[in-house]
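Structural features, examined
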Amino acid sequence: MVQQTVRAPIQVLRVNWRRRLGAGLLAVAAVLTFACLMALLGAWRDDAAIDSRTGRATAEVVSSTFGRTIIRFATPDGAVRSPQRGVLYPRGLEPGQLIRVEYDVANPDLVRVADRGFELGLLPIALAVVGIWVVLAPPALWLWRRSPRGPKAVTPAATPAVTLGSKSGVDL
């Protein structure tokens, strides 16, 4: 006969909340890491599009806010462009400043400051990913280790030894 301890559903939830919270923190860290990598991949893709069909121009910085920097430049066909999304890699730009830009001739709204690229994002994104894991991994692992490991071990009850006889006289 085997003795088995059965836990009530409420008790199982109480026991596993630490493990689930720890797993949740690790999942959040993984999702944020994925988002950072996708941002870097998107910047690389934009740079690749500009590099494949590069147009060059001199642009004037119209406005510069935290979210975006608006510029205005003329293309060789005489059209004046002011991309809605602003310019890529705008660090250090101020209104009224004249800058060199590179743009995708097939999509003139995709513009970056000349001689700047996705490489500028490598260090900030690497620091962000390290920061995410430094902040979220220790509490997640602490919660994971502090949680009980599933149901208690099954303990066999004391059973009397049963001896079966055989015709050869050897007990089985």
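Here goes a summary of the coordinates provided. (Residues numbered from 1 in each chain as written. Predicted model: local features only at pLDDT ≥ 70, side-chain atom pairs only at ≥ 80, totals over all residues. Heavy atoms only, no water.)

1. Some details on the side chain of aspartate 104
You can see aspartate 104 is positioned in strand β5 (residues 98–104). We classify aspartate 104 as buried; its relative accessible area is 2%. A polar contact is formed between the side chain of aspartate 104 and the side chain of arginine 53, at a distance of 2.9 Å. Polar contacts involving the side chain of aspartate 104 include one to the main-chain amide nitrogen of alanine 106, which spans 3.1 Å. In this structure, aspartate 104 is in contact with Ala49, Ile50, Arg53 and Leu110, ignoring residues within four places of it in sequence. (Helix = DSSP H or I, 4+ residues; strand = E, 2+ residues; numbered from the N terminus. Buried < 20%, exposed > 50% of the residue type's maximum accessible area, 1.4 Å probe, protein only. Polar contact = N/O pair within 3.5 Å; in protein donor to acceptor, adjacent residues only side chain to side chain. Contact = heavy atoms within 4.5 Å.)

2. A look at the environment of asparagine 16
Here asparagine 16 is to be found in helix α1 (residues 9–52). We classify asparagine 16 as buried; its relative accessible area is 16%. Along the sequence, asparagine 16 and tryptophan 144 sit 128 residues apart, while their C-alpha atoms lie 9.3 Å from each other.

3. What to know about the sheet that holds strand β6 (residues 107–113)
Taken in spatial order, the five strands make up an open sheet running β4-β3-β2-β5-β6, and their pairing is antiparallel. Two strands lie at the open edges of the sheet, namely β4 (80–81) and β6, each paired on one side alone. Pairing analysis gives seven bridges linking strand β2 (residues 54–64) to β5, with the strands arranged antiparallel. Bridge pairing in β5 places glycine 55 opposite tyrosine 103. (Pairing = 2+ DSSP bridges.)

4. Points about the pattern of salt bridges
Close approach of charged atoms lets side chains of opposite charge pair. Under the defined criterion, the tally for this structure stands at seven salt bridges. One connected set of salt bridges, linked through shared partners, spans Asp47, Asp51, Arg56, Glu102 and Arg112. (Salt bridge = Lys/Arg side-chain N within 4 Å of Asp/Glu carboxyl O.)

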